[in-house]
Amino acid sequence: MKIVFCTAIVLSTLAVAPASARERNDSPHSQACMAKNGFTLDMWRAHSAGTDAQVLRYIQCRDRVSAAQAKAIGIRDHNFSAGYR
């Protein structure tokens, strides 16, 4: 019984871990998402990546999450302008 319980814990941990992992901004996938939304890695690093809507779509693409999750990530990481909440 303990083995089944431990296996269930390990499998659930593995299932959740990839969902919370964020892609690096300099990966090919992330840069493709940037190009799709009209800005470059240099613009992202300089915090001049475009509108908040573009940044939101980029985070959705990069992390493969919903708009609500992308907004929460962007707010937490201070990726949006001060008035976007």
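Structure first, text after, so check above.
What counts and how
- Residues numbered from 1 in each chain as written.
- Predicted model: local features only at pLDDT ≥ 70, side-chain atom pairs only at ≥ 80, totals over all residues.
- Heavy atoms only, no water.
- Axes fitted to C-alpha atoms, helices over the stretch in contact; angles between N-to-C directions.
- Helix = DSSP H or I, 4+ residues; strand = E, 2+ residues; numbered from the N terminus.
- Parallel < 35°, antiparallel > 145°, perpendicular 65-115°, else oblique.
- Left-handed = near helix turned anticlockwise from the far one by under 90°.
- Contact = heavy atoms within 4.5 Å.
- Nonpolar A, V, L, I, M, F, W, Y, C, P; charged D, E, K, R; others polar.
- Buried < 20%, exposed > 50% of the residue type's maximum accessible area, 1.4 Å probe, protein only.
- Arc of directions from axis to C-beta.
- Salt bridge = Lys/Arg side-chain N within 4 Å of Asp/Glu carboxyl O.
- Polar contact = N/O pair within 3.5 Å; in protein donor to acceptor, adjacent residues only side chain to side chain.

## A word on the packing of helix 2 (residues 28-36) against helix 4 (residues 52-63)
Where helix 2 meets helix 4, the closest approach of the two axes is 9 Å, and the angle between their N-to-C directions is 150 degrees. With respect to their mutual orientation, helix 2 and helix 4 come out roughly antiparallel. Viewed along their axes, helix 2 and helix 4 form a crossing whose handedness is right-handed. Side by side, helix 2 and helix 4 meet where His29, Ser30, Cys33, Met34 and Lys36 of the first sit next to Tyr58, Cys61 and Arg62 of the second. Of the residues belonging to the contact of helix 2 with helix 4, the class tally is four nonpolar, two polar and two charged.

## Describing helix 5 (residues 67-76)
Looking at helix 5, one finds that the buried residues are Ala70, Ile73 and Gly74. Buried residues along helix 5 cover an arc of 95 degrees about the axis, so they all sit on one side. Looking at helix 5, the residues exposed on the side facing more than 90 degrees away from the buried face are Ala68 and Arg76. The elements touched by buried residues of helix 5 are helix 4. One or two positions beyond helix 5, positive phi appears at His78, with a value near 60 degrees.

## Brief notes about the pattern of salt bridges
By the definition in use, this model includes three salt bridges. Between Arg62 and Asp63 there is a salt bridge, with its nearest N and O atoms 2.7 Å apart. For the pair Arg62 and Asp63, a shared accessibility class is recorded, and that class is buried.

## Overview of the side chain of Asp63
Following the sequence through the fold, Asp63 ends up in helix 4. Here Arg62 takes part through its side chain, which lies 2.7 Å from a polar atom of the side chain of Asp63. Among residues more than four places away in sequence, those in contact with Asp63 are Arg22, Glu23 and Ile73.

## Examining the environment of Met34
Along the chain, Met34 falls in helix 2. When the C-alpha positions of Met34 and Trp44 are compared, they lie 8.4 Å apart, and in sequence the two are 10 residues distant. Setting aside its immediate chain neighbours within four residues, Met34 contacts Asn25, Phe39, Thr40, Leu41, Trp44 and Tyr58.

## Some points on the packing of helix 4 against helix 5
It is at 9 Å that the axes of helix 4 and helix 5 come closest, and there the two elements cross at 105 degrees. If you check the angle between helix 4 and helix 5, you find them roughly perpendicular. On the side of helix 4, the interface is formed by Leu56, Ile59, Gln60, Arg62 and Asp63, while helix 5 contributes Ala67, Ala70, Lys71, Ile73 and Gly74. Here the contact of helix 4 with helix 5 is built from residues that sort into five nonpolar, two polar and three charged.

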